[in-house]
Amino acid sequence: MAQQHGNLSEVVRLRERITHEHEAACWALTGLSSGTLQHRFINRRMEHIDRHQECLSTLVGEQASIAIIAQVFEGSPPQRIEE
């Protein structure tokens, strides 16, 4: 039971990290920077999300980890891109 509780805590921690990385990437879309710097920042956040998803898949399986990512992405507020 202790191992299962530890896995649940790790899943929660990874989900929070994914949420924070996704929020940062979304904020970069409307931030002051633009061009290559903005692209690099967003790309780096997405790479972090990918690594977190890989860790999640070892804990809950591939399909469940993808479902968690989808929940995070769907649960975030829509971003306005100002031109």
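Residues numbered from 1 in each chain as written. Predicted model: local features only at pLDDT ≥ 70, side-chain atom pairs only at ≥ 80, totals over all residues. Heavy atoms only, no water.

## What to know about the nonpolar core
So, point 1. Among the nonpolar cores identified, the biggest contains eight residues, and these are Val11, Leu14, Ile18, Ile49, Leu56, Ile68, Ile69 and Val72.
So, point 2. Of all the elements in the fold, those that place two or more residues in this core are helix 1 (2-30), helix 2 (35-60) and helix 3 (62-75).
So, point 3. Look past the residues within four positions of isoleucine 18 in its chain and what remains in contact with it is Ile49, His52, Gln53, Leu56, Ile69 and Val72. (Core = buried A, V, L, I, M, F, W, Y, C linked by side-chain atoms within 4.5 Å. Buried < 20%, exposed > 50% of the residue type's maximum accessible area, 1.4 Å probe, protein only. Helix = DSSP H or I, 4+ residues; strand = E, 2+ residues; numbered from the N terminus. Contact = heavy atoms within 4.5 Å.)

## Observations concerning helix 2
So, point 1. Between its terminal C-alpha atoms helix 2 stretches 37 Å, which fits the 38 Å expected from 26 residues at 1.5 Å a residue.
So, point 2. Within the sequence span of helix 2, burial applies to Gln38, Ile42, Arg45, His48, Ile49, His52, Gln53, Leu56 and Ser57.
So, point 3. Of the residues trailing helix 2, glycine 61 is marked for its positive phi of about 100°. (Expected span 1.5 Å × (residues − 1).)

## Notes on the pattern of salt bridges
So, point 1. Considering all chains together, one arrives at four salt bridges under this definition.
So, point 2. A salt bridge links glutamate 10 to arginine 13; its shortest N-O distance comes to 2.8 Å. A residue pair is termed a helical-turn pair when its members lie 3 or 4 positions apart in one helix, as glutamate 10 and arginine 13 do in helix 1 at three residues.
So, point 3. Classification of arginine 13 as partly exposed rests on a relative accessible area of 38%.
So, point 4. For arginine 45, the salt bridge identified is with glutamate 21, shortest N-O distance 2.7 Å. (Salt bridge = Lys/Arg side-chain N within 4 Å of Asp/Glu carboxyl O.)

## Focus: the confidence of the model for the protein chain
So, point 1. On average, residues of the protein chain carry a pLDDT of 84, and 81% of them reach 70 or more.
So, point 2. Put simply, helix 1 is where the protein chain has its lowest mean pLDDT, 84, and helix 3 is where it has its highest, 93. (pLDDT = per-residue confidence, 0-100.)

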